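# Coordinates in review
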Number of protein chains: 4
Amino acid sequence: MSSTYGENIKMTIFGQSHSPAIGMVLEGIPAGKAIDADRLAKFMERRAPGRSSLSTKRREADAVEFIGGIVNGRTCGAPVAAVIRNTDARSTDYSAFRTVPRPGHADYTAYVKYGGFADTAGGGHFSGRLTAPVCIAGGICIQLLEEENIRLAARIVSIGSVTDDRDPGEAPLDGDFPVAGEEAAARMKEEIERAAAEGDSVGGVVECVITGIPAGLGDPVFGGMENRISAAVFGIPAVKGIEFGAGFGAASLRGSSNNDRFEVKDGKVRTATNNSGGILGGITNGMPLVFRAAFKPTPSIASEQQSVDLEKMENIPVRVGGRHDPCVVPRAVPCVEAAAAIAVYDAFLGRKIEL
Amino acid sequence: MSSTYGENIKMTIFGQSHSPAIGMVLEGIPAGKAIDADRLAKFMERRAPGRSSLSTKRREADAVEFIGGIVNGRTCGAPVAAVIRNTDARSTDYSAFRTVPRPGHADYTAYVKYGGFADTAGGGHFSGRLTAPVCIAGGICIQLLEEENIRLAARIVSIGSVTDDRDPGEAPLDGDFPVAGEEAAARMKEEIERAAAEGDSVGGVVECVITGIPAGLGDPVFGGMENRISAAVFGIPAVKGIEFGAGFGAASLRGSSNNDRFEVKDGKVRTATNNSGGILGGITNGMPLVFRAAFKPTPSIASEQQSVDLEKMENIPVRVGGRHDPCVVPRAVPCVEAAAAIAVYDAFLGRKIEL
Amino acid sequence: MSSTYGENIKMTIFGQSHSPAIGMVLEGIPAGKAIDADRLAKFMERRAPGRSSLSTKRREADAVEFIGGIVNGRTCGAPVAAVIRNTDARSTDYSAFRTVPRPGHADYTAYVKYGGFADTAGGGHFSGRLTAPVCIAGGICIQLLEEENIRLAARIVSIGSVTDDRDPGEAPLDGDFPVAGEEAAARMKEEIERAAAEGDSVGGVVECVITGIPAGLGDPVFGGMENRISAAVFGIPAVKGIEFGAGFGAASLRGSSNNDRFEVKDGKVRTATNNSGGILGGITNGMPLVFRAAFKPTPSIASEQQSVDLEKMENIPVRVGGRHDPCVVPRAVPCVEAAAAIAVYDAFLGRKIEL
Amino acid sequence: MSSTYGENIKMTIFGQSHSPAIGMVLEGIPAGKAIDADRLAKFMERRAPGRSSLSTKRREADAVEFIGGIVNGRTCGAPVAAVIRNTDARSTDYSAFRTVPRPGHADYTAYVKYGGFADTAGGGHFSGRLTAPVCIAGGICIQLLEEENIRLAARIVSIGSVTDDRDPGEAPLDGDFPVAGEEAAARMKEEIERAAAEGDSVGGVVECVITGIPAGLGDPVFGGMENRISAAVFGIPAVKGIEFGAGFGAASLRGSSNNDRFEVKDGKVRTATNNSGGILGGITNGMPLVFRAAFKPTPSIASEQQSVDLEKMENIPVRVGGRHDPCVVPRAVPCVEAAAAIAVYDAFLGRKIEL
């Protein structure tokens, strides 16, 4: 099912951009786990709209209301259920797109799939707004992973033509625009502002590093960490590519360069390099798990674009109103952490334990 | 479960590189479908080892024996089950790697996960040999998709440092080394032979184009075609990255360039460009579905490498014997088609049909 | 996962008896389906507490709020999500049972499973109150099945020692105490009132008949209609047995009596009798699908019972306060219809359709 | 999917009564588990045909060949795969039933579902022969459960009109006709022989008791042990009812009689009676898990029966040849143990373990 993810935990998200509420149900979390609502709110804030001059003007409080599964701040074994009310929805912005699809959006494919009954307002169930419930589930998993000393940190490695080559180390980067190199960060912001000023948008790449992850998570073949993480991360709208470790770069390497040689250090097995991104045969090897996700530029742009009238079946220009991010990448950073955290915690619970 | 894939069909693969047999069970295929065993055998032949000077010397007949689900050449509604006997297995090649893991292989992670009980002979369940059962299932799905006029064609777009920029069109390329440009093909082969001569290996990138695919396949969020295809393709050993349409390249484009404008042509909706790779909001838009998978270089190389003795916990060199491909990419081409065909046919059966 | 049901649709229920809200998410409903909220409210009313002198005094409006998936009264393809606020919860009634489990309830097993973190208030996630979300999902499926001329009607066939032998025909029985025979109904009510007056409770059996169901629904082996329906119906608290067609009675018959002979009538294949309950080999044969579910007596009774103190590990008597039904069977009738409707609609969507 | 069962382990069965082979794949078994092939063969022998004067004359060696997942007698973490060759199939017996369905069999429903492509030979995938792969998986699970001191023992409690009221205790009963009371056993055999002599068949009831099962297995709502076990047991052909503990009998009890009072005994919590069958709220309470399954009489009987010609759509008599059991119940006893063992081991692996 398309709104569900997970094997050992199961996350189900629901709602549309302009429905009364959005939310999620998270089954399978062990009982007795403390959930810090304040920390979760801070995490949600990183994704929330209307917080920065670089993001959409739509402003949502995104207050998470837990309606099940948590008693006195701890999980009780029942599914954790939470909702966020949609408050600043303006459906009138979108009525035209039901029959004149916006390029780069899901309007057309939703029209084909749902026979004209799709809720296109604000992108409906396809909206980036649905990453808010993913962040609830992911924010919970991040807290639970930290109990196990597993930490996730994502950062921006490119925006448009600007790339950041600086090694950030493993520590998370602060702020709502996490880039390792200061100068690169400044140029990335310029790139976004320039695109916005020209009624255009830009894409970028997010890298996520997961440290403290034990060896042995994940499974062979279709249960590999690559399969699991990509199945989650492609659930974030606008992601068009993913690579692990050396990724596409590995394709041009020789085996003698790409193979990470094993060594014993401080009584533990590790690899001298990490081209594998911490994954061998789908299973974690104890090194940091590293992946990158490519985001396309926001499809909503101010300039007029060519589209079609689906009822009259003729070409017609379309102009996309609404309130949009000129670049989704900064707000996507916590979403990448969230999606990865869900995948990793799911794999963590699937550890084979000697019974 | 790690050896199972699919929602509307379910493929389960089993066996290890050196177990008595390998095979697959494929549930959910509609009854009455003709399966052409000769065509399947030809497809299997493209993946089979020992067929080319560029591939492993291990030679397997890879004869597919159907043991259930097919009566008089047609599916009967029961699960389709098939086995391939392993005949040319030489387990003595591998006994040492149980405790001295080969760099780049799953020996170490299998050791951690299975507590020393892993079948490491020939890579066990992690072996590229397990793509043979995937090719049985995929070869069947390819035949069934063709009934629906959906066709898959994968080709090599790079080997090591050699890239092929030529547009192949949509027709499948012939032979066991499918590259659009002849000159590029020659240089790629040289790249492989040079690596082999030096006891080394190379990686590469495979592109797959799926034509005739109707609009409306796939689902939003976690059921998108990107999620589905990547979950299948990462099941092929050595894949470390995947991208759809413009993929990572889209991250450096502006929205105005990346958005594919809609147009009516011959009474049908299409897009003028195909940066989306035929997928919007996770759902096919009727354009060719295009993706690329990055393969790392074969981890088995002739030269001595640094490893560790897992029992003594000390550094020790390892030399990988066995019989290996200096580059898995040519034999991976049909595997990519197979994995994609399974994902697409699974989505095809999930079409919402007016009831 | 324990709070999820379904293959082609997926229902997830959440909430506890005394959490802020209870609710459900129902994925996979085709787009464009009209949902009649008034009819659904009437269906919910049949299950709602506090409506009859025979049921609990807890009174809940049980107003269903749709928060996703429905636009202008029609499904839009996104998951249907709905919540019911809990308004008349009195948690103080239950605090003692955390460590002194009530006999016949899940207090003890929840304590073992959730290590003392279980929400025992009102039975928590184990409460019969969780059948309300099942009735939302089931009420929707009942409407969708009626579009296909498939109708469900459940009735009470026994309460305690009183059995109703009258053949009700296939029409649904009216009212909140659906029994075919009037005299039997009166004696059943007496049985409940007598038990209530004595601080005790009684069980009973519900029969469900599904008519208009086409031949060919369900699958062999583990996908049979018996497997599917029992997996749903045992989700209703207090169910301890289920049988299809002649059921346990068939075990004492001979094949010559139990076999339903085929015959052609009005150009259709039917069976002269219906000992199979409309299911052969797990698949519907076009005859009415008939099953019966056995409900144990409500475990909450007024008289003092023997229990244990789980912390002191010593015997201790317990007296169950709270507000309870002396017999859950009348309110369980719509729950049985709901659970069956979900199972049948799920199987209906799984029909193999010529592609 | 219909041929797959399980959440934490996944069993997939394949093959038809007269296909080249039948078999199963069992994923998720922890690595390093010793599997005793001789004990498994003895267990399979209890189900095998042609062993008794009371069973079918078809004689199959039913030799289990492991083709994956087991190395040197221990599981290696890869899926366990095994096949049994069909040797004594006589397809000519069945050709007529493709269009003239046998009453009580799945011929008609398979015809409807698979559009005439069904493999009806010997019942195809619906055949009781498919319980052999279930017994492979179940026999493995029985061995693994014994390592945890969990033991299953099923016995016959009724055949036709003969019921055995004797309490067998918890020890397994020996032999291929396990009945607690000797006199009852003798009368049951007479009942079967009399039916056979008259060209007829009889049904019966099997009870299964599982001891040593820890408290805390299973989940609420749809993940309850009743849901899990019934979903497995209805996979055995001819099962038409299931009940747990007091079952249907509980429906006529009062709460004060049916509730099992808790008590502390030898420092452990137990219940004085076991009307719950060891399950409260879907979760095991540490008492023996007890259930009963009702089997209908074998539909294959010697006497002529009324059927229809599906092509001509007219009534026509049918006479069932082939080789059949006059009563499937004795051979079903190990199948019930197998199905239950799979369900219990699956739940066992799903135990929430403090991480």
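Residues numbered from 1 in each chain as written. Chains lettered and ligands numbered in written order. Predicted model: local features only at pLDDT ≥ 70, side-chain atom pairs only at ≥ 80, totals over all residues.

## Topic: the overall build of chain A
Each helix and strand in chain A was counted, giving 7 helices and 18 strands. At 21 Å, chain A has a C-alpha radius of gyration in line with the 20 Å of a compact globule built from 355 residues. Reported as C-alpha extents along the three principal axes, the dimensions of chain A are approximately 70 × 50 × 35 Å. Counting only residues that meet the buried cut, chain A has 64% of its 355 residues in that class. Taking contacts inside chain A between residues at least 6 apart in sequence as the whole, the part at least 24 apart equals 68%. (Helix = DSSP H or I, 4+ residues; strand = E, 2+ residues; numbered from the N terminus. Rg over C-alpha atoms; globule rule 2.2 N^0.38 Å. Buried ≥ 20, exposed ≤ 12 C-beta atoms within 10 Å, placed from the backbone. Contact = placed C-beta atoms within 7 Å.)

## A word on the relation of the copies chain B and chain A
Note on the identical chains: chain B maps onto chain A by a rotation of 180° and an axial translation of 0.0 Å, with an RMSD of 0.0 Å. Taken together, the turn and the small shift mark the pair as related by a two-fold rotation axis. The fraction of interface residues of chain B whose copies in chain A are also interface residues reaches 100%, indicating that both copies meet through the same surface. (Least-squares fit on C-alpha atoms with pLDDT ≥ 70 in both.)

## As for the sheet that holds strand β10 (residues 204–211) of chain C
Sheet strands pair by backbone hydrogen bonding; their relative direction is either parallel or antiparallel. Read from one edge of the open sheet, 10 strands run β9(C)-β8(C)-β10(C)-β16(C)-β11(C)-β11(D)-β16(D)-β10(D)-β8(D)-β9(D), paired in antiparallel fashion. Unpaired on one side and paired on the other, β9 (162–163) of chain C together with β9 (162–163) of chain D mark the two borders of the sheet. Summarising the sheet, strand β8 (residues 151–159) of chain D and strand β10 (residues 204–211) of chain D pair through 8 bridges and their orientation is antiparallel. From the neighbouring strand, D:Ile159 faces β10(D), where its bridge partner is D:Gly204. The strands that helix α5 (residues 225–233) of chain D touches are β11 (239–244) of chain C together with β11 (239–244) and β16 (289–295) of chain D; relative to β11(D), the one it contacts most, it runs at about 160°. (Pairing = 2+ DSSP bridges. Axes fitted to C-alpha atoms, helices over the stretch in contact; angles between N-to-C directions.)

## Quick look at helix α1 (residues 37–47) of chain A
Residues and elements named next belong to chain A. Every buried residue of α1 is accounted for by Leu40, Phe43, Met44 and Arg47. The buried side chains of α1 occupy one side of the element, clustering within an arc of 100° when seen end-on. Facing away from the buried side of α1, by more than 90 degrees, are the exposed residues Asp38 and Lys42. On its buried face, α1 sits against α3 (131–147) and α7 (329–349). (Arc of directions from axis to C-beta.)

## Focus on the sheet that holds strand β7 (residues 80–85) of chain C
Residue and element names in this part refer to chain C. Taken in spatial order, the 5 strands line up as β1-β2-β3-β7-β4 in an open sheet, and their pairing is antiparallel. In the strand order of this sheet, the two ends are held by β1 (4–5) and β4 (65–68), each with one partner. Relative to strand β3 (residues 21–27), strand β2 (residues 10–14) runs antiparallel, the two being bridged by 5 bridges. Following the sheet pairing, Met11 is matched in β3 by Leu26. Where helix α3 (residues 131–147) meets the sheet, it contacts β2, β3 and β7, and its direction lies at approximately 35° from that of β3.

## Observations regarding the packing of helix α1 (residues 37–47) of chain B against helix α3 (residues 131–147) of chain B
Residue and element names in this part refer to chain B. Where α1 contacts α3, the two axes come as close as 9 Å, and the packing angle between them is 140°. In this view, α1 runs oblique relative to α3, as classed from their interaxial angle. The way α1 lies across α3 gives a crossing that is right-handed. On the side of α1, the interface is formed by Arg39, Leu40, Phe43, Met44 and Arg47, while α3 contributes Thr131, Ala132, Cys135, Gly139, Ile140, Ile142 and Gln143. (Parallel < 35°, antiparallel > 145°, perpendicular 65-115°, else oblique. Left-handed = near helix turned anticlockwise from the far one by under 90°.)

## Let's talk about the pairing of strand β3 (residues 21–27) of chain A
All names here are of chain A. The element β3 is largely enclosed, with a buried count of 7 among its 7 residues. Alternating positions in β3 separate into two faces, Ala21, Gly23, Val25 and Glu27 on one and Ile22, Met24 and Leu26 on the other, with burial throughout. From the end of strand β2 (residues 10–14) to the start of β3, which pair antiparallel, there are 6 residues, and Gly15 there has a positive phi angle of about 105°. Note that β3 and strand β7 (residues 80–85) share 6 bridges and pair antiparallel. By the bridge assignment for β7, Leu26 is matched with Val80.

## What about the environment of A:Arg194?
Relative to the helices and strands, A:Arg194 is located in helix α4 (residues 182–197). Separated by 132 residues in the primary sequence, A:Arg194 and A:Pro326 place their C-alpha atoms 9.5 Å from one another.

## Quick look at the packing of α3(B) against helix α7 (residues 329–349) of chain B
Residue and element names in this part refer to chain B. Remark: α3 packs on α7, axes separated minimally by 7 Å, with the N-to-C direction vectors making an angle of 55°. Classified by the interaxial angle, the pair formed by α3 and α7 is oblique. The handedness of the crossing between α3 and α7 comes out as left-handed. Along the contact surface, α3 presents Thr131, Val134, Cys135, Ala137, Gly138, Gly139, Cys141, Ile142, Leu144 and Leu145, while α7 presents Pro334, Cys335, Glu337, Ala338, Ala339, Ala341, Ile342, Val344 and Tyr345. For the contact of α3 with α7, the class distribution of residues is 15 nonpolar, 3 polar and 1 charged. (Nonpolar A, V, L, I, M, F, W, Y, C, P; charged D, E, K, R; others polar.)

## What about the environment of B:Ala48?
If you trace the backbone, B:Ala48 turns up in the loop between α1 and β4 (65–68). Sequence-wise, B:Ala48 and B:Glu304 are 256 residues apart; in three dimensions their C-alpha atoms are separated by 28 Å.

## What about the environment of A:Val25?
By secondary structure assignment, the location of A:Val25 is in strand β3. Residue classification places A:Val25 among the buried positions, given that 32 C-beta atoms sit within 10 Å. Between the C-alpha atom of A:Val25 and that of A:Thr4, which follows or precedes it by 21 residues, the distance is 9.3 Å. Residues contacting A:Val25, with those up to four places away along its chain left out, are A:Thr12, A:Pro79, A:Ala81, C:Thr12, C:Phe14 and C:Val25.

## What to know about unusual backbone geometry
Phi at C:Val221 takes a positive value of approximately 55°, unusual for a residue other than glycine. Mapped onto the elements of the fold, C:Val221 is located in the loop between β10 and α5 (225–233). The exposure class of C:Val221 is buried, given the 26 C-beta atoms found within 10 Å. The backbone phi angle of D:Met313 is positive, close to 50°, even though this residue is not glycine. Within the secondary structure layout, D:Met313 lies in the loop between β17 (305–309) and β18 (314–318).

## Topic: the interface of chain B and chain A
Many analyses report the size of an interface as the accessible area lost when the parts associate. Each partner contributes to the interface: chain B provides 88 residues, whereas chain A provides 89 residues. The residue inventory of the side of chain B that touches chain A, partitioned by class, reads 39 nonpolar, 36 polar and 13 charged. Taken together, the 3 bridges between strand β11 (residues 239–244) of chain A and strand β11 (residues 239–244) of chain B define a ladder with antiparallel strand orientation. Within the sheet, the bridge partner assigned to A:Gly241 lies in β11(B) and is B:Glu243.

## What to know about the pairing of strand β18 (residues 314–318) of chain C
Remark: a regular strand shows side chains that alternate across the two faces of the sheet. In this sheet, β18(C) lies alongside strand β17 (residues 305–309) of chain C in antiparallel orientation, the contact comprising 5 bridges. Considered in β18(C), the bridge of C:Gln306 is made with C:Pro317.

## So, helix α4 (residues 182–197) of chain B
Residue and element names in this part refer to chain B. A rise of 1.5 Å per residue sets the reference length of α4, with its 16 residues, at 22 Å; its end C-alpha atoms lie 23 Å apart and thus fit the reference within 8%. Among the residues of α4, Ala185, Met188, Glu191, Ile192, Ala195 and Ala196 are the ones counted as buried. Along the axis of α4, the buried residues cluster in a sector spanning 130°; they form a single face. Exposed residues lying more than 90 degrees from the buried face of α4 are Glu182, Glu183 and Ala197. Buried-residue contacts for α4 involve β8 (151–159) and β9 (162–163). Residue Gly199 follows α4 closely and has a positive phi angle near 70°. (Expected span 1.5 Å × (residues − 1).)

## As for the confidence of the model for chain A
Taken as a whole, chain A shows an average pLDDT of 92; of its residues, 92% reach a score of 70 or greater. Confidence metrics for the complex model read pTM 0.96 and ipTM 0.96. (pLDDT = per-residue confidence, 0-100.)

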